Amino acid sequence: MTTRVFLLAAVAGSLWAQVSFDRILHADREPQNWLTYSGSVRGERHSLLTQITPENVKNLELQWIYQARSLEKFEATALVVDGVMYTVQAPNDVIALDAATGRIFWTYSYTPSPQARPCCGRINRGLAILGDTLFMGTIDAHLVAIDAKNGQPLWDTTVAKAESGYALAHAPLVVKDKVIVGTAGGEYGIRGFIAAYDARTGKEVWRFYTIPGPGEPGHETWGGNSWQHGGGSIWVTGSYDPELNLTYWGVGNPGPDWNGDPRPGDNLYTDSVVALDADTGKLKWYYQFSPHDEFDYDSVQVPVLADMEWQGKDGRRTPRKLMFFANRNGIFYALDRATGEFLMGKPFVTVNWMDGFDAKGKPIRIAGKVPTTEGTLIYPGNQGGTNWYNPSYSPRTGLFYIPTWANYSSIYIKAPEEFKEGQRYGGGFPKSPIPFGRTTQNFRKEDEGYGAVRAIDPRTGERKWEFKMTDVTDAGILTTASDLLFSGGREGYFYALDARTGAVLWKANLGGAVASGPMTYSIGGRQYVAVAAGNALFSFALRQ
Amino acid sequence: MRAVTGFVLLFGVSALLAQHGYSPTEVDEGRKLFLANCAVCHGPAGASVPGTDIGHGKFRRASADSDLIQIIRNGIPGTAMPPHSLSEFQAGSIVGYLRFLADSASDAASSRGNPARGEAIFRGKGACLSCHRVKGVGSRLGPDLSDIGARRRIAELERSLADPDSEILPQNRFVRLVTADGSAITGRLLNQDAFTVQLFDPQERLLSFSKAGLREFAFLDKSPMPSYKDKLSAQELEDLVSYLVSLKGIEKP
């Protein structure tokens, strides 16, 4: 009874306390909540909650399961605001739950247009909140605002044409009074963009095309009219630095994916991170990880912001505003996030398409490592050394944790392709060197690729430890201030590791692949850890 | 990004370019997709639409694999052929199966052996039933061959008999492990994860082990099947292959 009373009070609390942008900016002051996709605007996915520790984590037990009424992949990270959890049942149903019991408060069902053609699954990765309003991007490229109290739609803005292949997959990012999203659809020859919308009205405030148009800097990196179908998707949520007022976004691959012939040049700003003025959308700087990409190495990661001392070229250590970026191309990067200066790049998996960097931080390509009609073996393979599933940075351990596909390669085959609006625009395909069938069983040998959590020192890129799985992984990573690390994988386990050593401290078999990032929250002083696996969402807490 | 779900990437689609051929796994995948999506109208052999036989490698509107993929995915306007929401990878594996159907049709005509004699070798001298199973008879340790003739061409069967190590599909891999009490078990791998392993042993037991409790665990590099190159004469091999080609699956009552 006590619990119920408390819960009601907690729920009532949410009715009064709106989520101001100040609360979002200072999310570290209320670690009981999880107010954004990454837990903060800095993208670390690191929680200050410490009730669950390496010593007691073995006492975690299941509190509740929410079974989605959907067989699409469950990739969303939930938000928790004062005891209420908000998540997305794929493709685009918003669910409000009691975060302590899993009971549903309300459901908002959105029916996407039959014209929607998301390339890679009818999925959604989560929500944003501001005030009493939730924001969701949809697979038919709408941005929808929903009343967080009753699930009623408030406005619905068409961001782009679904029938041309545009879609929205990621959780929006709120900055001040704006909601920022970017479009997916790079496999359909879209021209990608990031845009900000007025949170109250849904009216577009600014738009930044990830493929520069005629007269804009960077346009010269596209031969002919290739810029019109150049791709440049946005697949995951960006981050934000309030002091610099810059918002950072990873940009997807150029199109066609595997045949660069129709698009001679570096193809800016595909496979780059861009730093935009959050008020105007103007480009402040960019860094391109994979110029003229033909391996589908889009920069589909959350840029992670960190502040630490960095040793400069003169040997002096000075405080720097940094960005860490473990890229799909297999390389871990440290950049100066005020200027975009390339500070360090080091492979975190086997890489055979490049060897080192020039003075400006451009990768030096290895001759012959390009897709061909016969096929070329490239490390890492098409899914990359990592992908959209989030990494984590712990300021306590000073380590950066990467969901990794190790020893993984693809044979890249190139083919001619003509652009047709709304049709796939791939220019070839990647092939696995080993013909694994579609199966729920795992027959992999270690040298054919395996999933891992790799912990690296971001100052050097050196690996500190590794937790190996036998199957590959699509699971994000959460770290906590008690030096725990939570993750999962295709094997269906959800596990806790010692963030300092990688030792397994606890595990549970959830019976379905974890294809989302874990998050944590607290209600009435009790810490919970939640993760989606298979078609369900699971929440754990310490046994009482 | 092509956030391809695992299977799409991993079943290794070789689709657009015919000269790359199709692996048995791709053909198997294509067969499943064909039966689920195409056989309703085209029939299991591809000849059920009057005037349209797609099972013999000749197509009225396409010749290249990439054209076929486009037709499968986009349909043919003005005809009963609808568009299908399949990726080019999936459509490509269906094309792989159609190519296989055409090849195996010519296989049946070109098989020179005697299937009855082949069956006798299969059951007798070859001792194939000690590892394989056909229509409910024989061991379950190796692959069930009841429909091998619907899934493999003559050349592939000949190659597997002469050189069993030349291609071992991932689902037919064998592992060897040694338990804490020192007993060694060799069997076909059924599944594994970071903490456990599941296998099928020669006594036909479904076994599961915690990896932490094992002294040894390793994949076998070679197939447990012997080569029949020197064990059978050329004629016997031809007979055996013609028997295997004749195995088209268990007939439904």
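The rules behind each value
Residues numbered from 1 in each chain as written. Chains lettered and ligands numbered in written order. Predicted model: local features only at pLDDT ≥ 70, side-chain atom pairs only at ≥ 80, totals over all residues. Helix = DSSP H or I, 4+ residues; strand = E, 2+ residues; numbered from the N terminus. Buried ≥ 20, exposed ≤ 12 C-beta atoms within 10 Å, placed from the backbone. Contact = placed C-beta atoms within 7 Å. Expected span 1.5 Å × (residues − 1). Pairing = 2+ DSSP bridges. Axes fitted to C-alpha atoms, helices over the stretch in contact; angles between N-to-C directions. Core = buried A, V, L, I, M, F, W, Y, C linked by C-beta atoms within 7 Å. Parallel < 35°, antiparallel > 145°, perpendicular 65-115°, else oblique. Nonpolar A, V, L, I, M, F, W, Y, C, P; charged D, E, K, R; others polar. Domains from an automatic or database assignment. Arc of directions from axis to C-beta. pLDDT = per-residue confidence, 0-100.

A few points about the overall build of chain A
Then comes step 1: Along its length, chain A carries two helices and 38 strands.
Then comes step 2: Its C-alpha atoms put chain A at 70 × 55 × 50 Å along the principal axes.
Then comes step 3: Relative to its full complement of 544 residues, chain A shows a buried share of 58%.
Then comes step 4: In chain A, the proportion of contacts linking residues at least 24 apart, taken out of those at least 6 apart, comes to 60%.

Section: the overall build of chain B
Then comes step 1: If you tally the helices and strands in chain B, you get eight helices and seven strands.
Then comes step 2: Within chain B, the proportion of its 253 residues that are buried is 34%.
Then comes step 3: Look at the contacts in chain B between residues 6 or more apart in sequence, and 60% of them connect residues 24 or more apart.

Describing helix α2 (residues 24-37) of chain B
Then comes step 1: Helix length check: α2 of chain B, at 14 residues, gives a terminal C-alpha distance of 20 Å against a target of 20 Å (1.5 Å per residue), a fit within 8%.
Then comes step 2: The set of residues buried in α2 of chain B consists of Thr25, Glu26, Val27, Asp28, Glu29, Gly30, Arg31, Leu33 and Phe34 of chain B.

Topic: the sheet that holds strand β25 (residues 376-378) of chain A
All names here are of chain A.
Then comes step 1: Strand order in this open sheet of three strands is β25-β28-β29, and the pairing throughout is antiparallel. This sheet does not close on itself; its edge strands, each paired only once, are β25 and β29 (428-431). In this sheet, neighbouring strand axes are inclined to one another by 30° on average, regardless of whether the strands run parallel or antiparallel.
Then comes step 2: In this structure, strand β28 (residues 410-414) lies alongside β29, joined through four bridges in antiparallel fashion.

What to know about the environment of proline 54 of chain A
Residues and elements named next belong to chain A.
Then comes step 1: The residue proline 54 is located in the loop between β1 (46-47) and β2 (60-67) in this model.
Then comes step 2: We classify proline 54 as buried; it has 20 C-beta atoms within 10 Å.
Then comes step 3: Measuring from C-alpha to C-alpha, the distance between proline 54 and asparagine 387 comes to 28 Å, with 333 residues separating the pair along the chain.
Then comes step 4: Filtering out sequence-adjacent residues up to four positions away, proline 54 remains in contact with Ser482, Asp483, Leu484, Asp498 and Leu505.

Observations regarding the nonpolar core
Then comes step 1: Of all hydrophobic cores here, the largest spans 154 residues; its most connected members are Ala78, Leu79, Tyr86, Leu127, Ile129 and Val179 of chain A.
Then comes step 2: Aside from chain neighbours lying at most four places away, what touches leucine 127 of chain A is Leu79, Tyr86, Val88, Val94, Leu134, Phe135, Met136 and Ala171 of chain A.
Then comes step 3: By size, the runner-up hydrophobic cluster in this structure holds 17 residues, among which are Ile121, Leu145, Ile148 and Tyr243 of chain B.

Concerning the environment of glycine 186 of chain A
All names here are of chain A.
Then comes step 1: For glycine 186, the location among the structural elements is in the loop between β12 (178-182) and β13 (193-198).
Then comes step 2: Owing to 34 C-beta atoms within 10 Å, glycine 186 belongs among the buried residues under this scheme.
Then comes step 3: Residues glycine 186 and aspartate 257, spaced 71 residues apart in sequence, show a C-alpha to C-alpha distance of 8.1 Å.

A look at the packing of helix α6 (residues 115-123) of chain B against helix α8 (residues 234-246) of chain B
Residues and elements named next belong to chain B.
Then comes step 1: For the pair α6 and α8, interaxial distance at closest approach is 7 Å and the crossing angle is 100°. Of the possible angle classes, the one that applies to α6 and α8 is roughly perpendicular. Across the interface between the two elements, Pro115, Arg117, Gly118, Glu119, Ile121 and Phe122 from α6 touch Glu236, Asp239, Leu240, Val241, Ser242, Tyr243 and Ser246 from α8.
Then comes step 2: Looking at the contact of α6 with α8 residue by residue, the classes come out as six nonpolar, three polar and four charged.

A closer look at the pairing of strand β23 (residues 354-357) of chain A
Then comes step 1: When β23 of chain A meets strand β24 (residues 363-365) of chain A, the two strands line up antiparallel, connected through two bridges. Paired with phenylalanine 357 of chain A across the bridge in β24 of chain A is proline 363 of chain A.

Section: the domain arrangement of chain B
Then comes step 1: Partitioning chain B into domains gives domain 1 (6-110), domain 2 (115-167 + 226-246) and domain 3 (174-219).
Then comes step 2: Each of domain 2 of chain B and domain 3 of chain B has a C-alpha centre, and these two points are 27 Å apart.

Things to note about the sheet that holds strand β27 (residues 399-406) of chain A
Residue and element names in this part refer to chain A.
Then comes step 1: In spatial order, the strands read β26-β27-β30-β31; together these four strands make up an open sheet with antiparallel pairing. The open sheet has two edge strands, β26 (392-394) and β31 (463-468), and neither has a second partner. Strand-to-strand twist in this sheet, taken as the mean axis angle between neighbours without regard to direction, amounts to 25°.
Then comes step 2: Across seven bridges, the pairing between β27 and strand β30 (residues 450-456) is antiparallel. Opposite isoleucine 402, over in β30, you have arginine 454 as the bridge partner.

Overview of unusual backbone geometry
Residue and element names in this part refer to chain A.
Then comes step 1: Put simply, glycine 255 and proline 256 share a cis peptide bond, and its omega is 0°.
Then comes step 2: Counting through the fold element by element, proline 256 comes out in the loop between β16 (246-250) and β17 (272-277).
Then comes step 3: Cis geometry is adopted by the peptide bond preceding tyrosine 269, which originates at leucine 268 and carries an omega value of -5°.
Then comes step 4: Residue placement: tyrosine 269 occurs in the loop between β16 and β17.
Then comes step 5: Positive phi values are uncommon outside glycine, yet aspartate 271 reaches one of about 55°.
Then comes step 6: Examined against the element boundaries, aspartate 271 turns out to sit in the loop between β16 and β17.
Then comes step 7: For aspartate 271, a count of 29 C-beta atoms within 10 Å translates into the label buried.
Then comes step 8: Even without a glycine there, the phi angle at histidine 292 is positive, about 45°.
Then comes step 9: Mapping histidine 292 onto the fold places it in the loop between β18 (283-288) and β19 (304-311).

Notes on helix α4 (residues 65-74) of chain B
Residue and element names in this part refer to chain B.
Then comes step 1: Looking at α4, one finds that the buried residues are Asp65, Leu68, Ile69 and Ile72. Projected down its long axis, α4 carries its buried residues within an arc of 100°, all on one side.
Then comes step 2: Of the residues flanking the end of α4, it is glycine 75, one or two places downstream, whose phi is positive at about 75°.

Describing the confidence of the model for chain A
Then comes step 1: Per-residue pLDDT for chain A averages 94, and the proportion of residues at 70 or more is 97%.
Then comes step 2: Segment residues 1-16 of chain A: pLDDT under 50, and 17 contacts once partners within four positions in sequence are set aside and those in other chains are kept.

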